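Chain and residue survey
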Amino acid sequence: MRATKASQHTVIVAVTKRLSTDKDEPSILPLIKAGFNKRVVENHNLNACINELLCLEYGEVRTQLQLSAANALFCALDNVSDAVEIASDDREIQYVNHAWERLMGYGSEEVMEKDSMEVTKNDHNKPDLQDSINTQLKKGKYWEGTYYTRRKNGEILPSHCHVSPVIGPTGQISHIISVKTTSDASLIERLKDTDYSIVNGGVYGFPRRRESVTKIHSMTIEAPITKVINIINAAQENSPITVVQALDHVLEILRTSELYSPYLSQQLRADEDPMTTDLVGGIMSQSMRRQLMVSASQDVNSNSSKGSHQPHTYIPTNPATLSQIPDHIKAILNSEPSWDFDIIRLEKATNNRPLVYLGLKTLMRFGVCDFFNINETCLTNWLTVIESNYHSSNTYHNSTHAADVLHATAFFLEQERNKAVLDQSDVVCSLISAIIHDVDHPGRTNAFLINEGNKLAILYNDQAVLESHHSALAFQLSWENDSANIFRGLDNEGYRATRQNIIDMVLATEMRHHFEHLNKFVNSVNKATLKYEDTSSMSGNGSPDSSVVLNQLTTPENRLLIKRMLIKCADVANPCRPLDLCVEWGKRIAEEYFNQTEEEKKRGLPVVMPIFDRKTCSIPKSQISFIDVFINDMFDAWDYYCDVPDLITHLQNNYKYWQQADDNSQDCEEASSPTDGDKT
Ligand SMILES: [Zn+2]
């Protein structure tokens, strides 16, 4: 019988016929050579058989069990963070664990059977130190203290060392165990960079550091991010090194304060693409090109920026209700539910007042009057007040842009997914937010207003200056005129919720937080949808699972993310419109940026987006960059969520168009000249 390596419980038994020659009891050696390690001769005596079995159990079986326990112990040793060395009584190394290898820089095979004292020998320790250690060990006691040891690269390392004897069966010392830890911070840092040294969120051999990290975490008030970091720390405890390393990268990223933005701008700066850098810088950052600030007081008073004009509260006449809209405008509005709706045509037909007409038509269609408990006249008045506070002199940020964003918002709200997920208050707030989201826009970027020390920038502390103003002014205008106050019929609770909802959506249009909103949407909303698709394809029947995913999507948190994404997509949907509209909007935004650059130069302000220089700019290039950086990923995610394939088709076509236009090196002067007529 024998136990095999493959499994300790495998026993091979060979039964052979007893021959007369066996009486001589020949040597067992031939059998051992053949791989057998036990020979039992047939015996009719029951007691003899029992004895034989008892010997087996207390002999080989027990030894095997002890061996496997020993394996478990060594495995444990390899996973602790202290450096452990086991040597024989005469200090011959028999075992070192992984932490020891890392700390000392040797592989275990290099030091096996070597003299422990020789391997780490150096003259930093007191001459009599070894003697006092030996004295302790001989008494069967442990020694503990600071011990200098030499790493493989020659470097001398102080460590906290614990040496203890193991007493064998004869009562003599059979082994000497030493356990080392170091608190050498520079070594810890260096070991962190090696490919194997980071384990347990700290470094092998340095448990104290880890304790202090844990203490720091437990001292702070637990924020969600702290919880996440602690969970990852805990998960690292027993993970393989590759996983530990990956999680360390995760921790590194999580510990940065700007989770969603800075990485991109750094990357782009490295790419040295001035167009993209300008776009990202100009749109996303506050005032990237901070030069000497022109005297703020002078600029506030100079009032050259259009941001500080007086709000209009008068209400021009007609139309008062939907039925009073002239027929030729009605005809245009008939195609309003289509994505390809021509907003520029409406702009012309309404003499630059598309927002009142499209607003009235759309808001009535979505039952907004019922929600607010107001009549059509109040709604029209409100729309009129809001529209009159858009600057028709802006080439881009005028009421046509607001109407365009309203149109896209309404279109998105009609998609099946949004109909299922969003409730009536979400719908109403989305439409209202779209209408007001750029009201009183001065045709200049946040960075410009900050740089010139505009009073709005002062008022809002350079934070989301325009977005804060749009939202605040819209509420101010509403409450200033009772006959135009759509909110007047709401009770306190209803008004509070509506207001909160609208403010959140308008602030979400600030491009500074673009990647944050997009990432949250992808991670929360798209992943929930993904789960649904996985399970429904497995079950072959989507209906039971779709209710699960719907429950997930309709949580307040997810609805918030969806609404933010909805208005963001609507706000920058130009590249997803039919080609002629897309080109028109492209010219208009470039024109507005050109005007800003000209004013910056004239007034000696920092030039926020130098690439938008009328004389040198390539509109196709600017569009291509904008699509690459902001649009593609966002509309991918949006299409995945609510299925808008027509937008993606337009986007692809338009992108090809801009590429072609760029190839034909059509410069911006030619491209923008037709829009000059839009300037007033
Ligand atoms: Zn906008």
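That block above? That's the structure.
The paragraphs below set out a description of the structure included in this document. (Residues numbered from 1 in each chain as written. Predicted model: local features only at pLDDT ≥ 70, side-chain atom pairs only at ≥ 80, totals over all residues. Heavy atoms only, no water.)

**Describing helix H25 (residues 492-508)**
With 17 residues, H25 should cover 24 Å at 1.5 Å per step; its first-to-last C-alpha distance of 24 Å lies within 8% of that length. Regarding H25, the residues found buried are Tyr 495, Thr 498, Asn 501, Ile 502, Met 505, Val 506 and Ala 508. (Helix = DSSP H or I, 4+ residues; strand = E, 2+ residues; numbered from the N terminus. Expected span 1.5 Å × (residues − 1). Buried < 20%, exposed > 50% of the residue type's maximum accessible area, 1.4 Å probe, protein only.)

**Structural notes on the nonpolar core**
Within the largest apolar cluster, 108 residues are counted, with the highest numbers of intra-cluster contacts made by Ile 386, Phe 412, Ile 432, Phe 635 and Trp 638. It is helix H30 (residues 619-642) that contributes the most residues to this core, 13 residues altogether. Aside from chain neighbours lying at most four places away, what touches Ile 432 is Leu 363, Val 368, Phe 372, Trp 382, Ile 486, Phe 487 and Ile 502. Residues Ala 83, Ile 93, Leu 103 and Met 104 belong to the second largest nonpolar core, which totals 10 residues. (Core = buried A, V, L, I, M, F, W, Y, C linked by side-chain atoms within 4.5 Å. Contact = heavy atoms within 4.5 Å.)

**Considerations on the pairing of strand E2 (residues 93-96)**
Here strand E1 (residues 83-88) runs beside E2; their pairing, made up of 3 bridges, is antiparallel. Paired with Ala 87 across the bridge in E2 is Ile 93. If you look at the hairpin formed by E1 and E2, you'll find 4 residues sitting between the two strands, and Arg 91 has a positive phi there, around 70 degrees. (Pairing = 2+ DSSP bridges.)

**Focus: the coordination of the zinc ion**
Six octahedrally arranged donors around a metal ideally form angles of 90 or 180 degrees; four tetrahedrally arranged donors ideally form angles of 109.5 degrees. With distances of 2.1 Å, the protein atoms coordinating the zinc ion are His 401 (NE2), His 437 (NE2), Asp 438 (OD) and Asp 571 (OD). For the zinc ion, the 4 donor atoms in the first shell make angles of 83 to 170 degrees at the metal, so the coordination geometry reads as irregular. Along the chain, the residues that donate to the zinc ion are spaced as H-x35-H-D-x132-D. Residue His 401 is found in helix H19 (residues 399-413), and its partner Asp 571 is found in helix H28 (residues 556-571); the two are separated by 170 residues along the sequence. Note on accessibility: His 401 and Asp 571 belong to one class, buried. (Donors = N, O, S within 2.8 Å, 3.2 Å for Na, K, Ca; no water. Tetrahedral: all angles 85-135°; square planar, octahedral: opposite > 155°, others 65-115°.)

**Some thoughts on H30**
If you look at H30, its biggest bend is around 45 degrees, right at Ile 627. Counted residue by residue, H30 has 17 buried out of 24 residues, so it is predominantly covered. Capping the start of H30, Ser 618 holds a side-chain oxygen 3.0 Å from the backbone nitrogen of Lys 621, two or three residues further along. At the C-terminal side of H30, Asp 643 shows a positive phi close to 55 degrees. (Bend = angle between axes of the 7 residues up to and from the residue. Polar contact = N/O pair within 3.5 Å; in protein donor to acceptor, adjacent residues only side chain to side chain.)

**Quick word on the pattern of salt bridges**
Following the criterion strictly, the structure yields 25 salt bridges and no others. Salt-bridge contacts for Glu 414 lead to Lys 419; the nearest nitrogen and oxygen are separated by 3.7 Å. Residue classification places Lys 419 among the partly exposed positions, given a relative accessible area of 46%. A salt bridge links Lys 601 to Asp 613; the nearest nitrogen and oxygen atoms lie 2.7 Å apart. (Salt bridge = Lys/Arg side-chain N within 4 Å of Asp/Glu carboxyl O.)

**Here's the deal with the packing of aromatic side chains**
Tallied over the entire structure, the rule returns 21 aromatic pairs. With a centroid separation of 5.3 Å and an interplanar angle of 80 degrees, the aromatic rings of Phe 371 and Phe 372 are classed as edge-to-face. A relative accessible area of 25% places Phe 371 in the partly exposed class. With a centroid separation of 5.3 Å and 85 degrees between ring planes, the pair formed by Trp 479 and Tyr 495 is classed as edge-to-face. Remark: Tyr 495 occurs in helix H25 and Trp 479 occurs in helix H24 (residues 465-480); sequence separation between them is 16 residues. Among the residues examined, Tyr 495 registers a relative accessible area of 18% and is labelled buried. Aromatic ring contacts, followed pair by pair, group Trp 339, Phe 411, Phe 412, Phe 521, Trp 638 and Tyr 641 into a single cluster. Seen from the ring of Phe 475, Arg 499 lies directly overhead, with NZ or CZ sitting 4.7 Å from the centre. Positioned above the aromatic ring of Trp 585 is the side chain of Arg 588, whose terminal nitrogen or guanidinium carbon lies 5.3 Å from the ring centre. (Phe/Tyr/Trp six-rings, centres within 6.5 Å; stacked < 30°, edge-to-face > 60°. Lys NZ or Arg CZ within 6 Å of the ring centre and 35° of its normal.)

**Some thoughts on the sheet that holds E1**
Read from one edge of the open sheet, 5 strands run E2-E1-E5-E4-E3, paired in antiparallel fashion. Of all the strands in the sheet, just E2 and strand E3 (143-150) have a single pairing partner and so form its edges. The mean inter-strand angle of the sheet, taken between neighbouring strand axes irrespective of direction, is 30 degrees. Pairing between strand E4 (residues 156-167) and strand E5 (residues 173-181): 8 bridges, direction antiparallel. Residue Ile 167 lies in a different strand from E5, and its bridge partner there is Ile 173. Each of E3, E4 and E5 is contacted by helix H6 (residues 129-138), which is oriented at about 135 degrees to E3, the strand it contacts most. (Axes fitted to C-alpha atoms, helices over the stretch in contact; angles between N-to-C directions.)

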